[in-house]
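# Commentary on secondary and tertiary structure
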There are 2 protein chains.
Amino acid sequence: MELSGDRRLPQLEYLGDATQFAARLHAMVPDSPLFENLNLAEIRLMSHFMQVYRAQAGQEVIREGDSGDFLMFVIEGRIEVFRQDRAGSPRLIAVVEAGKTLGEMSMIDGEPRFATCVADGASLIGVLTRESLARIILEQPILGAKILMELVLMLSQRLRQTSSRLLAALENERGPAGVADGGTGFV
Amino acid sequence: MELSGDRRLPQLEYLGDATQFAARLHAMVPDSPLFENLNLAEIRLMSHFMQVYRAQAGQEVIREGDSGDFLMFVIEGRIEVFRQDRAGSPRLIAVVEAGKTLGEMSMIDGEPRFATCVADGASLIGVLTRESLARIILEQPILGAKILMELVLMLSQRLRQTSSRLLAALENERGPAGVADGGTGFV
């Protein structure tokens, strides 16, 4: 069973697992890249593995540099993403609306968080840990494969956009870009 | 059963499925991000779903702009990756050595190829199609989940590197980078 030590956001109000939000999560499916291919039964299954927290306006939910093994699904409200520039000042780099996820990369690879995330107004946040995803894969392999496929698709699309922007920026900066260091994320 | 119409690289010499290469593929596991967590039994299972081709020096194996629903695993030799610059000239952007994969993104999202790939010397190439991956997931769910997890990990690491390079390039180019358009690939 769940222990309070399993809670990933001890600074926030914990509302229990996401089963009570299953119908609401299902209604958000059209806006949600991660869950767009899940039906209501699959959302119900998944919701047992997700924890829900309430964040107040201005509360920090992820801190740049921290380790973290979970992703966040914004159920209500919105989250601002800040990263320190070279001068050490926080700079807004993205805004994440309800239905969208953040934190996938650290959930997957365990590397430190790349940015700081702050609730812009009262927000509800679903948390899915790497351990929960591993349990889904073992206990509900078809559901697990669907979530993994969506993660792969999201990451691939982002990598395509980011690679494209990087190549354009490098061309602007110094003419022909150098050979990427083993970067085969281009094909 | 396999039909010749299923062959993704009709211009290359087809050598059959990868079962005959299973021991060799397994020996490459330490150099292979995609297969690093597979044991010999799993490599043997996977090899039934992979087709092997031989490419001669200078042969094009993927063309920028083509559609493509497969990834390539370089078993022997190496592949050069070219992308057209604004003037329409091919420019070398990456070199893919044995043990590494290319083409994952189009395999996953079906978007046109981002670059052209040419064999640099005689090469052996394993092909894994989206359909084969879907069959692995259905018929061998644990193996499927392992391959998907490795894909997620590879894409995440590449996205992290690419995002980092993009932010640096944008800072160089014009000072503070603008707010990313919904880009949450940063956390």
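Keep in mind that what you see is a predicted model, and the values were worked out from it rather than measured.

Conventions adopted
In every chain, residue numbers begin from 1 and rise along the written sequence. For this description, chains carry letters from A and ligands carry numbers from 1, given in the order in which they are written. Residue-level local features of this predicted model are given only where pLDDT is at least 70; pairs of side-chain atoms are given and counted only at 80 or more, and the full residue set underlies all totals for whole chains, interfaces and linings. Here the contact rule is simple: place C-beta atoms from the backbone, and any two residues whose C-beta atoms are within 7 Å are in contact. By the criteria applied, helices consist of DSSP H or I runs no shorter than four residues and strands consist of E runs no shorter than two, each listed in order from the N terminus. Polar here means any residue other than Ala, Val, Leu, Ile, Met, Phe, Trp, Tyr, Cys and Pro, which are nonpolar, and Asp, Glu, Lys and Arg, which are charged; Gly is therefore polar. Alignment of copies: least-squares fit on C-alpha atoms of residues with pLDDT of at least 70 in both copies. By this definition, two strands are paired if DSSP reports at least two bridges between them. Axis definition: a line fitted to C-alpha atoms, limited for helices to the stretch in contact. Angles are taken between N-to-C directions and run from 0 to 180 degrees. The exposure scheme places C-beta atoms from the backbone and then counts, for each residue, the other C-beta atoms within 10 Å of its own, assigning buried at 20 or more, exposed at 12 or fewer, and partly exposed in between.

Another point: the interface of chain B and chain A. Residue-level contacts link 57 residues of chain B with 57 residues of chain A. Counting residues per element, the ones that place at least two in the side of chain B that touches chain A are strand 5 (78–84), strand 6 (90–97), helix 3 (104–109) and helix 5 (141–174) of chain B. Residue contributions to the side of chain B that touches chain A peak at 23 residues, all from helix 5 of chain B. The residue inventory of the side of chain B that touches chain A, partitioned by class, reads 32 nonpolar, twelve polar and 13 charged.

For the rest of this paragraph, the subject is the relation of the copies chain B and chain A. The operation relating chain B to chain A is a screw motion whose rotation component is 180°, with 0.0 Å of axial translation and a residual RMSD of 0.0 Å. Seen this way, the second copy is the image of the first under a two-fold rotation axis.

A few words now on the sheet that holds strand 7 (residues 101–102) of chain A. Residues and elements named next belong to chain A. With antiparallel pairing, the five strands of this open sheet are ordered in space as 1-2-9-4-7. For this open sheet the edge positions go to strand 1 (13–17) and strand 7, each flanked by a neighbour on one side alone. Relative to strand 2 (residues 51–55), strand 1 runs antiparallel, the two being bridged by four bridges. For Y14, the partnering residue across the bridge sits in strand 2 and is Y53. Relative to strand 9 (residues 123–129), helix 4 (residues 130–139) is tilted by about 60°, and along the sheet it contacts strand 4 (70–76) and strand 9.

The subject of this paragraph is the pairing of strand 2 of chain A. Residues and elements named next belong to chain A. The buried count for strand 2 comes to four of five residues, which makes it a mostly enclosed element. Taken together, the five bridges between strand 2 and strand 9 define a ladder with antiparallel strand orientation. Its bridge partner being in strand 9, Q51 is matched across the sheet by V127.

Moving on, we get to the sheet that holds strand 1 (residues 13–17) of chain B. Two strands in a sheet stick together by hydrogen bonds in their backbones, pointing the same way (parallel) or opposite ways (antiparallel). Residue and element names in this part refer to chain B. Taken in spatial order, the five strands line up as 1-2-9-4-7 in an open sheet, and their pairing is antiparallel. The two strands at the open ends of the sheet, each matched to only one other strand, are strand 1 and strand 7 (101–102). Packing of helix 4 (residues 130–139) onto the sheet brings it into contact with strand 4 (70–76) and strand 9 (123–129), and relative to strand 9 it is tilted by some 60°.

Note that every value here comes from positions in space, so none of it alone points to a role or purpose.
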